[in-house]
Each structure stands twice: as structure tokens, then as C-alpha cells.
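Residues per chain, in single letters:
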Amino acid sequence: MSLSSKDYEALLKIIEEVAHSFPDRTSTFLTVCEQLDKLIGFNTAVFLPINPTTKTFEFPAPITYRCPVDGALPWVEHYVELDPLVTRWDGTINGAVQNTDLVSARVLEDSEFCQDFLTTIPCFHVSGSCMGMHGDPVALMGFHRQRHDRPFSARELEIIRLLMPHLSQALHNLNLSEAIAANYGYGVVTIATDGQCHINA
């Protein structure tokens, strides 16, 4: 999918000014959502950190954008096994796939997953990504639209796909800095592209 020069400029702004400029997951996720929402538009979003060692979700995650945190917990506890983005995932890291590209809208609408879970968010069209670095997953991220909204376009999925490796790198670096600080009592000083200095001690 070919993007316009305007799309690339907006994407580079997110990568340069957002993805590598914040010292914690919540700030990074929420700021990325605010910027990405302006570019592609969505109703809600969720971020679920994954422990790269145990491959399990980390809590008190998840982090949500414009939807209650409690709404995501039933997915982790039960509905993950019914989600087409999980059951039909091909193992791609840092990609972007839409649920209605994996199952038809009619099949999704009639499913237990949609009727018992998606309607509570509420959402219907979901673009998801398994984020990772060096083969290790670092998080799941999903962007949501409601049933009456249009599905995510090929252009919008490409924008998400291009952003994910950079955001994964930032989160991977944060995981490493936290591990270093926890094990050795050291802090990490990060200088962002805009010259701002962040200290994780």
C-alpha cells in the first residue's frame, strides 16, 4: 500500500517526537494514541504489556484509551480464546491485521465473542498487533471502531504496521532499563531527539 508524503510526514512525527520520547508505558501509549487518532481515527484502544520472559500479560495492565480498564480484563480472563485476532493469528510480529479480514463481518457479529464482549466496549472493527523485539513479544495493541463505522483501510493498517517496530523498540528499551535498575540499582538517562532528558532511576 502506497502512502502519501503527508502520511509519511505525520508518521515520522509520531516516531520521532512520541515513540522514543517518554519514559513510561502509559505516557507512551496515550500520546501515541492521541497522535495516531488524528491520522487514522478510531474510537478506543487498548495496550496489554507482555512479560518477555514468561510470555504472560503483566498487571496492573492493561492501559486503555477512551475506554474503562475493566472492559479489557474479561478479554484476558476468558475471551482471548474466542478472539479471531488470536485464534487466527499467523505469528507475525509488528504487523497489523483487522478482525474482519480474518472472519466475515456476519460471522463475527453472530459470535459469542462479539455479542458478549465486543458490545460491552463497545466496538466491532479491531485492528491488532503483536509487538515484539528480537523474537520476544513486548505487548499487544488494539485499535477499535464501532459497528456503524467503516473498517480500517489498507492505508490505515499500513500506517499502524510501519509504526509498530519503532514503538516496540521504545518499549523494549524501557523493559531493559527497568531490568537493569531492578537488578543492579542503576538508573538510565535518556536524551530524546528534541533534547529533553529523562531519568529512570
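Right above here is the structure, for reference.
The model shown is predicted, which means the values in this text are computed figures rather than measured ones.

Rules used in this analysis
- Residues numbered from 1 in each chain as written.
- Predicted model: local features only at pLDDT ≥ 70, side-chain atom pairs only at ≥ 80, totals over all residues.
- Heavy atoms only, no water.
- Helix = DSSP H or I, 4+ residues; strand = E, 2+ residues; numbered from the N terminus.
- Rg over C-alpha atoms; globule rule 2.2 N^0.38 Å.
- Contact = heavy atoms within 4.5 Å.
- Buried < 20%, exposed > 50% of the residue type's maximum accessible area, 1.4 Å probe, protein only.
- Pairing = 2+ DSSP bridges.
- Salt bridge = Lys/Arg side-chain N within 4 Å of Asp/Glu carboxyl O.
- Disulfide = S-S within 2.5 Å.

Considering the overall build of the protein
Argument step 1. A count of helices and strands for the protein gives eight helices and seven strands.
Argument step 2. Its C-alpha atoms give the protein a radius of gyration of 17 Å, within 12% of the compact-globule value 17 Å for 201 residues.
Argument step 3. Taking the principal axes of its C-alpha atoms as reference, the protein extends roughly 50 × 40 × 30 Å.
Argument step 4. Considering only intrachain contacts with a sequence separation of at least 6, the fraction spanning at least 24 residues in the protein is 60%.

Concerning the pairing of strand 4 (residues 125-133)
Argument step 1. Of all nine residues in strand 4, nine are buried; the element is thus mostly enclosed.
Argument step 2. Of the two faces of strand 4, the one lined by H125, S127, S129, M131 and M133 and the one lined by V126, G128, C130 and G132 are each fully buried.
Argument step 3. Of the strand pairs in this sheet, strand 3 (residues 97-98) and strand 4 are connected by two bridges, and their pairing is antiparallel. When the sheet's bridge partners are listed, V97 is paired in strand 4 with G128.
Argument step 4. Taken together, the nine bridges between strand 4 and strand 5 (residues 136-145) define a ladder with antiparallel strand orientation. When the bridges of strand 5 are listed, C130 appears paired with L140.
Argument step 5. The hairpin formed by strand 4 and strand 5 contains two residues between the paired strands, and H134 there has a positive phi angle of roughly 55°.

Observations regarding the pairing of strand 1 (residues 44-49)
Argument step 1. Most of strand 1 sits inside the fold, with six of its six residues counted as buried.
Argument step 2. Neither face of strand 1 is open: one carries T44, V46 and L48, the other A45, F47 and P49, and all of them are buried.
Argument step 3. Here strand 1 runs beside strand 5; their pairing, made up of six bridges, is antiparallel. For T44, the partnering residue across the bridge sits in strand 5 and is H144.
Argument step 4. Bridge count for strand 1 against strand 2 (residues 63-65) is three bridges, and the pairing is antiparallel. Counted as the bridge partner of V46 is T64 from strand 2.

What about the pattern of salt bridges?
Argument step 1. This structure, assessed with the given rule, holds six salt bridges.
Argument step 2. Between D37 and R66 there is a salt bridge, with the nearest N and O atoms lying 3.0 Å from each other. Taken together, the positions of D37 in helix 2 (residues 25-40) and R66 in the loop between strand 2 and helix 3 (73-77) put the pair 29 residues apart, joining distant regions of the chain.
Argument step 3. Its relative accessible area of 17% is what places D37 among the buried residues.

Things to note about the state of the cysteines
Argument step 1. Counted under the stated rule, the structure contains zero disulfides.
Argument step 2. Between C67, a cysteine without a disulfide, and C123, which holds the nearest cysteine sulfur, the sulfur-to-sulfur distance is 8.1 Å.
Argument step 3. C33 provides the cysteine sulfur closest to C130, a residue in no disulfide bond, and the two sulfurs are 17 Å apart.
Argument step 4. When its relative accessible area of 11% is taken as the criterion, C130 is described as buried.

Shape is all these values report; function is a separate question.
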